[in-house]
Amino acid sequence: MNKIAFIGAGNMARAIIIGLVNSGVAAQNIMVANPSEGKRLQLEQEFGVLQTSDNLKASEFANVIVLCVKPHFIEDVCSQISQAIDITGKLFISVAAGTTVAQIQAALTKESATELAPVVRVMPNTPSQLGLGMSGLYPSKEVTAEQKESADTLMTAVGKVIWLETEAKINDVIAVAGSAPAYYFLFMEAMEKHAITLGFSAEESRMLVQQTAFGSAQMVVQNSDLEISTLRGNVTSKGGTTHAAIEKFKEQGIDEMVKNSMNAAIARAEEMAK
Ligand SMILES: NC(=O)C1=CN([C@@H]2O[C@H](COP(=O)(O)OP(=O)(O)OC[C@H]3O[C@@H](n4cnc5c(N)ncnc54)[C@H](OP(=O)(O)O)[C@@H]3O)[C@@H](O)[C@H]2O)C=CC1
Ligand SMILES: O=C(O)[C@@H]1CCC=N1
């Protein structure tokens with residue numbers, strides 16, 4: 001049975017921890033480390049996971065260490081851990097955007113050491129907290145088959161996974177899945193705002209938007225044999241109201257807008273890795 005440490009108790013750690021506990025992973029096999037106490041105490045109270053302010057204590061406890069701090073803290077956290085404890089046999093999983101395997105391994109390597117630590121980069125998303133996550137995973141070559149299985153099991157517990165052939169694909173997964181819940185939220189926010197200006201109450205607007213988004217996503221999931229464009233076509237009567245709206249989206253360059261926005265996420269991830 002793996003013992004799992006989360007370094008950082010923020011949004012992404014919380015999403016994965018909730019998903020793991022709800023999928024049946026024993027809370028006593030999870031320890032979360034975070035400098036301030038609010039978020040880790042809340043996770044302890046809500047889900048019974050172990051918690052500490054001490055990254056080293058959590059790292060000693062675990063054989064799988066999930067790095068869930070902001071990208072600019074990853075190297076410091078890794079150096080802190082590798083300088084203080086024996087990391088032999090431990091698997092490191094990093095969810096950080098724009099921090100490469102090489103950067104993580106360099107920070108995990110003591111001056112005298114030559115062996116590189118096994119690192120799996122994972123790009124998850126926050127629907128992991130509902131067991132509906134989508135993650136891309138990339139292993140360094142030091143990762144054993146058993147460790148790969150552990151990473152797969154961990155992330156499959158909170159959603160679907162794909163394994164990537166190259167590390168660069170992690171940035172593409174950020175654009176398509178990691179950052180993407182925010183795109184859908186932005187779209188829903190815009191619809192909700194306009195529903196309110198059309199005169200619906202805040203509650204009505206929220207319900208109209210969320211139920212339509214939920215139903216539409218379910219239709220995509222439950223009709224996997226149909227192209228998404230076919231589902232759209234089924235709503236779009238020739239010369240009708242949907243047609244009018246869709247034409248307006250197209251006229252305003254929706255494909256270009258989506259492409260450029262996704263590419264901006266990739267460019268930012270590449271920039272962060274420099
Ligand atoms: N949010 C998302 O949707 C996704 C995020 N990611 C990645 O997940 C990582 C975390 O992002 P997110 O959860 O959103 O960020 P948050 O800011 O919500 O969480 C980061 C946490 O790290 C803690 N922290 C800061 N310094 C240390 C330290 N030295 N040791 C231990 N913990 C520390 C912070 O604690 P405190 O608040 O006390 O300072 C905070 O709770 C990032 O690298 C991001 O790229 C990946 C995919 C999706
Ligand atoms: O915005 C970010 O940088 C992180 C990575 C993917 C989602 N959130």
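Refer to the structure printed above.
As a starting point, this report considers the structure included with it. Quick caveat: nothing in here was measured; it's all calculated off a predicted structure.

**Some thoughts on the site of ligand 1**
Working step 1: As a structural note, the neighbourhood of ligand 1 is formed by 23 residues, with Met12, Asn34, Ser36, Lys39 and Val69 the closest of them.
Working step 2: Measuring from an oxygen atom of ligand 1, one finds a side-chain N or O atom of serine 36 at 2.3 Å.
Working step 3: The separation between an oxygen atom of ligand 1 and a polar main-chain atom of valine 69 is 2.7 Å.
Working step 4: Contact with the protein chains removes 78% of the 890 Å² of surface that ligand 1 exposes when unbound.
Working step 5: The biggest single contributor to the shell around ligand 1 is helix α4 (residues 71-84), with three residues.
Working step 6: Residues that form the shell around ligand 1 fall into these classes: 14 nonpolar, seven polar and two charged.

**Observations regarding the site of ligand 2**
Working step 1: In the vicinity of ligand 2, the residues found are Ala97, Gly178 and Ser179.
Working step 2: Considered on its own, ligand 2 offers 240 Å² of accessible surface; in the complex 46% of this is hidden by protein.

**Observations concerning a nonpolar patch on the surface**
Working step 1: On the surface, a nonpolar cluster with roughly 280 Å² of combined accessible area is contributed by Phe187, Met191 and Phe249.
Working step 2: Considering the arrangement of structural elements, one finds phenylalanine 249 in helix α11 (residues 241-251).
Working step 3: Given the relative accessible area of 36%, phenylalanine 249 is considered partly exposed.

What counts and how
Residues numbered from 1 in each chain as written. Chains lettered and ligands numbered in written order. Predicted model: local features only at pLDDT ≥ 70, side-chain atom pairs only at ≥ 80, totals over all residues. Heavy atoms only, no water. Near = heavy atom within 4 Å. Polar contact = N/O pair within 3.5 Å; in protein donor to acceptor, adjacent residues only side chain to side chain. Areas by Shrake-Rupley, 256 points an atom, 1.4 Å probe, with all protein chains shown as cover. Helix = DSSP H or I, 4+ residues; strand = E, 2+ residues; numbered from the N terminus. Nonpolar A, V, L, I, M, F, W, Y, C, P; charged D, E, K, R; others polar. Patch = residues over 30% accessible without salt bridge, like charges linked within 9 Å, V, L, I, M, F, W, Y side chains within 5 Å. Salt bridge = Lys/Arg side-chain N within 4 Å of Asp/Glu carboxyl O. Buried < 20%, exposed > 50% of the residue type's maximum accessible area, 1.4 Å probe, protein only.

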